[in-house]
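Okay, here's what each chain looks like letter by letter:
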Amino acid sequence: MSAEGQKLGLAIIGAGPAGLSAAVEAASHGVPCRLFDEQGAPGGQIYRALESTPLRERSLLGADYWRGGELIESLRQGIEAGLIDYRPEHTLWQLNRERELGTLSRGRAALTQASQVIVASGAQERPFPVPGWTLPGVMGAGAAQVLLKSSGVALDQPLVLAGSGPLLLLVAAQYLRAGVPVAALLDTSPKDALRRAAPYLATALGAPDYLLKGIKLIRELRRHGVNIVRGVEALRAEGDGQLERVGFKRQGQWQEINAKTLLLHQGVVPNVQLSRALSCRHRWREDQLCWVPELDPWGESDAQDIFFAGDGGGIVGAEASKLQGRLSALQVAARLGAITAARRDEIARPLRRALARELRIRPFLDALYRPNEAWRRPSDETLVCRCEEIDAGQIRAAVRAGCSGPNQLKAFLRCGMGPCQGRMCGLTVAELIGETQGRPTAEVGYYRLRSPIKPITLGQLAELEIPEPRAAKTEVD
Amino acid sequence: MPTRLSSPDSRPTLTLHFEQREISARQGDSVASALLAAGIKSFRTTPVSAAPRGPYCMMGVCFDCLLVVDGVPNQQGCQVQVRDGMRIERQLGAAEITP
Ligand SMILES: Cc1cc2nc3c(=O)[nH]c(=O)nc-3n(C[C@H](O)[C@H](O)[C@H](O)COP(=O)(O)OP(=O)(O)OC[C@H]3O[C@@H](n4cnc5c(N)ncnc54)[C@H](O)[C@@H]3O)c2cc1C
Ligand code: FES
């Protein structure tokens, strides 16, 4: 049996705000953990590459980014103390209800069992299907930010940003601070966005710093003289083999801008690959337009001893993700006998208060940046499934021909059967099916997912390090 | 061309072999970052229509950054860290993804 084979007490997946906080909280109660992350360094999305980014000038990436330093410092102390076994460059390709974790690192696969698991795998950008979004040169705004943080690389100009949401504004500002001009920011927010969000303003005022941040970002863009185009009704990316132009429609008229880079963004949604592969119960959140696993107040799912913390359980932002990670870790510590239930509750009380405070801003943000139907249910000629190259028209036609739901669509069109396993099309497909059938997306459901959730070769599986007694139970569909 | 922003970068420089070219990268770059920084936008062609694709998400979600790295196909360029001397090729059309 390899060392990987011994059963762990606690395994954590994801070294972002939620996973790091969970690991640090567990360690503070003497509970050791193994912390897996696909990335080569800790930080998750918001604090990506914090220890190594070449952009050391603090004002460039901003105070919210550098705030992560404290958490990463605590991680390093936990490692030093022998309590946190941090495993970067470890991709999780399987997790089942027996809590067997299949990991892949530099081509080596291993299987480990844990008695408690905290999944903190975060969010992804919401798919933003527009004609031409598959052209090289078109990327997510978050993707451009990854490149900026981890490598200090700014993409080709002229550069256009399009969409809505705080991350779009932040990325534009970070580019400008780095001295890279932004040719235009095409705002796709609906005209009535403010009116729709207004009812939540009073609650949001309980978290005034978030409101101020948004206002400051817009001022910053204006100060740099960015051409902010409001009321954009449609978008398209064009070019021969790569992006050359961005078309946009405003007041019924199409216009064009030359561009080598187009950054699209319309918010983030939970990464549900693992909760779906576990067949956890999910519910549709109409306010956030996404699926979330159903969780108890500690973040535990209906898969016993498996918790979800952070944006992976519903979009909450970095600060709330940290609190959720700590709450899950407290429950784990109590369950493993490291603290009493009374002690757990005592520590949890102020954390829950802080979490409630953090979440006050959400209903306002969710309403303000809610993408219109037109951006979620694209025109017929728009590719929806990037992998199998299926467009919205084909999906609508299949549904009219009797295809009843997302899983049947796989059989009809191979939609969702490519390597991304529906990550880029699942939400759009559910919306299109609901639209065509005239029923709410919540009833349509989602793709059934199976392990492996990340590519693994037969050769890697053949050399899998498996603890002997469990070898017979390994399942790979 | 994309630009490496000018603040002093203390990370060691490495060399990658991309098809017939040599590309310099920095330790801590993903393969996708290094190729994008070198001005390479198209990483693969699709099995269905042979359309060119490049990285879209940079975080392991879209699989449009698939490359052949040191002879192994289907590597997510955005998730693989650069190592000195790595050999990288575009992935053209289909390759066996999972067993
Ligand atoms: C591209 C992007 C950029 C963002 N930038 C900002 C920002 O600048 N400011 C801001 O306030 N918010 C930002 N956000 C929002 C962000 O989701 C939250 O602020 C915060 O990072 C959520 O924390 P988390 O711990 O839940 O998840 P994350 O920070 O996303 O951490 C999840 C971690 O899990 C790992 N992981 C996922 N799946 C696997 C797997 N199968 N195997 C192994 N490891 C895995 C990932 O590598 C990642 O490190 C961004 C979101 C995205 C998608
Ligand atoms: S760029 Fe999307 S998976 Fe690599």
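Residues numbered from 1 in each chain as written. Chains lettered and ligands numbered in written order. Predicted model: local features only at pLDDT ≥ 70, side-chain atom pairs only at ≥ 80, totals over all residues. Heavy atoms only, no water.

Caption draft 1: View of the overall build of chain A. Helix and strand counts for chain A come out as 19 helices and 22 strands. Principal-axis analysis of the C-alpha atoms places the extent of chain A at approximately 65 × 50 × 40 Å. Sorting the 477 residues of chain A into buried and exposed places 62% on the buried side. A fraction of 66% describes how many contacts in chain A between residues 6 or more apart in sequence connect residues 24 or more apart. (Helix = DSSP H or I, 4+ residues; strand = E, 2+ residues; numbered from the N terminus. Buried < 20%, exposed > 50% of the residue type's maximum accessible area, 1.4 Å probe, protein only. Contact = heavy atoms within 4.5 Å.)

Caption draft 2: The packing of helix H5 (residues 141-151) of chain A against helix H6 (residues 166-177) of chain A, seen in detail. Residues and elements named next belong to chain A. At their nearest, the axes of H5 and H6 sit 9 Å apart, and the two run at 40° to each other. Taken together, the axis directions place H5 and H6 in an arrangement best described as oblique. Between H5 and H6 lies a crossing whose hand is left-handed. Residue-level contacts link Ala 141, Gly 142, Ala 144, Gln 145 and Leu 148 of H5 to Leu 167, Leu 168, Leu 170, Val 171, Gln 174 and Tyr 175 of H6. (Axes fitted to C-alpha atoms, helices over the stretch in contact; angles between N-to-C directions. Parallel < 35°, antiparallel > 145°, perpendicular 65-115°, else oblique. Left-handed = near helix turned anticlockwise from the far one by under 90°.)

Caption draft 3: Local environment of the packing of helix H1 (residues 17-28) of chain A against helix H11 (residues 318-335) of chain A. Residues and elements named next belong to chain A. At their nearest, the axes of H1 and H11 sit 7 Å apart, and the two run at 35° to each other. Crossing of H1 against H11: the hand is right-handed. Here Pro 17, Ala 18, Ser 21, Ala 22, Glu 25 and Ala 26 of H1 come into contact with H11, specifically with Ala 318, Ser 321, Lys 322, Gly 325, Arg 326, Ala 329 and Leu 330. A breakdown of the residues in the contact of H1 with H11 according to their chemical character gives 7 nonpolar, 3 polar and 3 charged. (Nonpolar A, V, L, I, M, F, W, Y, C, P; charged D, E, K, R; others polar.)

Caption draft 4: Region of the structure containing a positive patch on the surface. Taken together, the side chains of A:Arg349, A:Arg353, A:Arg357 and A:Arg360 present a region of like positive charge at the surface. Take A:Arg349: it is sitting in helix H12 (residues 341-359). (Patch = residues over 30% accessible without salt bridge, like charges linked within 9 Å, V, L, I, M, F, W, Y side chains within 5 Å. Areas by Shrake-Rupley, 256 points an atom, 1.4 Å probe, with all protein chains shown as cover. Salt bridge = Lys/Arg side-chain N within 4 Å of Asp/Glu carboxyl O. Lys, Arg positive; Asp, Glu negative; His and termini not counted. Charge placed at Lys NZ, Arg CZ, Asp CG, Glu CD.)

Caption draft 5: Fine view of the environment of A:Ile433. Residue and element names in this part refer to chain A. Along the chain, Ile 433 falls in helix H17 (residues 426-437). A relative accessible area of 0% means that Ile 433 is categorised as buried. Excluding residues within four positions of it along the chain, Ile 433 makes contact with Val 399, Ser 404, Gly 405, Pro 406, Leu 409 and Val 444.

Caption draft 6: Region of the structure containing unusual backbone geometry. All names here are of chain A. The amide bond that connects Gln 157 to the next residue, Pro 158, takes the cis arrangement and shows omega of -5°. On the secondary structure map, Pro 158 appears in the loop between strand S9 (153-154) and strand S10 (159-164). The omega torsion of the bond from Ser 451 to Pro 452 falls at -5°, within 30 degrees of zero and hence cis. Counting through the fold element by element, Pro 452 comes out in the loop between helix H18 (441-444) and helix H19 (458-462). The residue Ser 279 is not glycine, and still its phi comes out positive at about 55°. Note that Ser 279 resides in the loop between helix H10 (273-277) and strand S18 (282-285). The phi angle at Asp 305 is positive, at roughly 70°, despite the residue not being glycine.

Caption draft 7: Highlighting the site of ligand 1. Residue and element names in this part refer to chain A. The local shell around ligand 1 holds 31 residues, among which Ala 18, Asp 37, Leu 92, Gln 145 and Asp 311 are the closest. A distance of 3.1 Å is found between an oxygen atom of ligand 1 and a side-chain nitrogen or oxygen belonging to Gln 39. Notes on ligand 1: free accessible area 970 Å², of which the protein chains cover 92%. Only H1, strand S4 (91-95), strand S7 (123-125), H5, H6 and H11 provide two or more residues apiece to the shell around ligand 1. (Near = heavy atom within 4 Å. Polar contact = N/O pair within 3.5 Å; in protein donor to acceptor, adjacent residues only side chain to side chain.)

Caption draft 8: How the structure looks around the packing of aromatic side chains. Applying the stated criterion across every chain, the model contains 5 aromatic pairs over all chains. With a centroid separation of 5.5 Å and 85° between ring planes, the pair formed by A:Trp133 and B:Tyr56 is classed as edge-to-face. With one member in each of two chains, A:Trp133 in the loop between S7 and strand S8 (138-140) and B:Tyr56 in the loop between strand S5 (52-53) and strand S6 (66-69) form a pair that bridges those chains. Residue B:Tyr56 is classed as buried on the basis of its relative accessible area of 4%. Ring geometry for A:Trp284 against A:Trp291: centres 5.1 Å apart, planes inclined by 70°, an arrangement best described as edge-to-face. Across the pair, exposure class does not vary: A:Trp284 and A:Trp291 are buried alike. When the ring centre of A:Tyr210 is taken as origin, the NZ or CZ atom of A:Lys213, which lies over that ring, is 4.8 Å away. Cation over ring: A:Arg386 sits above B:Tyr56, and NZ or CZ is 4.4 Å from the ring centre. (Phe/Tyr/Trp six-rings, centres within 6.5 Å; stacked < 30°, edge-to-face > 60°. Lys NZ or Arg CZ within 6 Å of the ring centre and 35° of its normal.)

Caption draft 9: Examining the sheet that holds S8(A) more closely. Residue and element names in this part refer to chain A. An order of S8-S16-S10-S11-S12 is seen for the 5 strands of this open sheet, with the pairing classed as parallel. Edge strands, defined here as strands with exactly one partner in the open sheet, are S8 and strand S12 (228-229). Looking at chain direction, S8 and strand S16 (residues 261-266) are connected through 3 bridges and run parallel. Paired with Val 138 across the bridge in S16 is Leu 262. Contacts from H6 reach S10, strand S11 (184-187) and S16 within the one sheet, and its direction differs from that of S10 by about 160°. (Pairing = 2+ DSSP bridges.)

Caption draft 10: Broad picture of the confidence of the model for chain B. When pLDDT is averaged across chain B, the result is 91; 94% of the residues are at 70 or more. Model confidence for the complex: the whole-complex pTM is 0.95, and ipTM, which rates the interface, is 0.95. (pLDDT = per-residue confidence, 0-100.)

Caption draft 11: Region of interest: the sheet that holds strand S15 (residues 253-258) of chain A. All names here are of chain A. Within the open sheet, the 3 strands sit side by side as S13-S14-S15. Their pairing is antiparallel. If you trace the sheet from one side to the other, it starts and ends with strand S13 (232-238) and S15, each paired once. Ignoring strand direction, the axes of neighbouring strands in this sheet form an average angle of 20°. Examined bridge by bridge, strand S14 (residues 245-250) and S15 share 6 bridges and lie antiparallel to one another. Bridge assignment links Lys 249 to a residue of S15, and that residue is Trp 254.

Caption draft 12: Examining the pattern of salt bridges more closely. As enumerated under the stated definition, the model contains 41 salt bridges over all chains in all. Notably, a salt bridge pairs A:Arg245 with A:Glu244, separated by 3.5 Å at the nearest N-O pair. Notably, a salt bridge pairs B:Arg90 with B:Glu19, separated by 3.0 Å at the nearest N-O pair. Here the residue B:Arg90 occupies a position in strand S8 (residues 87-92), and B:Glu19 occupies one in the loop between strand S2 (13-18) and strand S3 (21-26), the gap between them amounting to 71 residues.

Caption draft 13: View of the interface of chain A and chain B. Counting from both sides, the interface comprises 51 residues of chain A and, opposite them, 42 residues of chain B. Regarding the contact of chain A and chain B, the summed buried area is about 4,000 Å², with carbon and sulfur atoms giving 57% of it. Of all residues in chain A, A:Glu389, A:Pro419 and A:Pro455 bury the most surface against chain B, accounting for 14% of the area lost on that side. There are 3 salt bridges connecting chain A and chain B. Here B:Arg83 and A:Glu89 are joined by a salt bridge, their closest N and O atoms 2.8 Å apart. One can count 16 residue pairs in polar contact (both at pLDDT 80 or more) joining chain A with chain B. At the level of elements, S7, S8, H5, S9 and H19 of chain A are the ones that each hand at least two residues to the side of chain A that touches chain B. With 6 residues, the single largest contributor to the side of chain A that touches chain B is H5(A). In terms of residue class, the side of chain A that touches chain B is built from 28 nonpolar, 11 polar and 12 charged. Sheet topology places S9(A) next to strand S1 (residues 3-4) of chain B; 2 bridges connect them, and they run antiparallel. (Buried area = accessible area lost by both parts, 1.4 Å probe.)

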